[in-house]
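# Remarks on the overall topology
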Amino acid sequence: IGLLLKMAYLHPDGIPKDLFSREEWAHVGALKRHSLVRDSASGGVSIHALTQDVVRELPGLEKSEGDALRGVLRALEARMDGFDSDLPATYGVGRAYAPHVK
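Residues numbered from 1 in each chain as written. Predicted model: local features only at pLDDT ≥ 70, side-chain atom pairs only at ≥ 80, totals over all residues. Heavy atoms only, no water.

### Regarding the environment of isoleucine 15
Of note, isoleucine 15 is situated in the loop between helix H1 (2–7) and helix H2 (22–25). Classification of isoleucine 15 by relative accessible area gives buried; the value is 0%. In this structure, the C-alpha to C-alpha distance between isoleucine 15 and aspartate 39, residues 24 residues apart in sequence, is 9.3 Å. When near neighbours in sequence (up to four residues on either side) are disregarded, isoleucine 15 contacts Met7, Leu10, Phe20, Trp25, Gly44, Val45, Ile47 and His100. (Helix = DSSP H or I, 4+ residues; strand = E, 2+ residues; numbered from the N terminus. Buried < 20%, exposed > 50% of the residue type's maximum accessible area, 1.4 Å probe, protein only. Contact = heavy atoms within 4.5 Å.)

Next comes the structure, spelled out in structure tokens:
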């Protein structure tokens, strides 16, 4: 549930693979089989916003929720560190990750 919980706090479309560890991403196949996520055109996955709402409301996940949020924020911070609005060469980084920083 950790991977799904992390995805619940990101923009629902185009969630990049590299925000997660290999071990976490290995579970994406199971999420796809259960129709919880689907492939996106960007090479990552997308999750329905209603699924995100339901996952965030699951009872008893307070500690896991904090861990998931910290993990997602660390990953986003590391990726967005390569973005500089004054350098057009880094705009791809901004386009890929900025939607997930909300």
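### Looking at the packing of aromatic side chains
For the coordinates displayed, the defined rule picks out 1 aromatic pair. With centroids separated by 5.8 Å and ring planes inclined at 25°, the aromatic side chains of phenylalanine 20 and tryptophan 25 adopt a geometry described as stacked. The pair formed by phenylalanine 20 and tryptophan 25 is uniform in burial state, with each residue classed as buried. A cation sits over an aromatic face here: arginine 56 above tyrosine 9, 5.8 Å from the ring centre. (Phe/Tyr/Trp six-rings, centres within 6.5 Å; stacked < 30°, edge-to-face > 60°. Lys NZ or Arg CZ within 6 Å of the ring centre and 35° of its normal.)

### Quick word on helix H5 (residues 62–80)
For H5, which comprises 19 residues, the first-to-last C-alpha distance of 27 Å matches the rise-based estimate of 27 Å (1.5 Å per residue) to within 8%. The set of residues buried in H5 consists of Gly66, Ala68, Gly71, Val72, Ala75 and Leu76. Elements in contact with the buried residues of H5: H1 and helix H6 (91–97). (Expected span 1.5 Å × (residues − 1).)

### Observations concerning the pattern of salt bridges
Taken as a whole and assessed by the stated rule, the structure comprises 5 salt bridges. A salt bridge links arginine 79 to aspartate 18; the shortest N-O distance between them is 3.7 Å. Highlighted residues: arginine 79 in helix H5 and aspartate 18 in the loop between H1 and H2, separated in sequence by 61 residues. What makes aspartate 18 partly exposed here is its relative accessible area of 34%. Among the salt bridges present, the one from lysine 32 reaches aspartate 39, with a minimum N-O distance of 2.5 Å. Of the residues examined, lysine 32 reaches a relative accessible area of 33% and is grouped as partly exposed. (Salt bridge = Lys/Arg side-chain N within 4 Å of Asp/Glu carboxyl O.)

### A closer look at unusual backbone geometry
You will see that serine 35, though not glycine, has its phi angle at about 60°, which is positive. Note on placement: serine 35 falls in the loop between helix H3 (28–33) and strand E1 (38–39).

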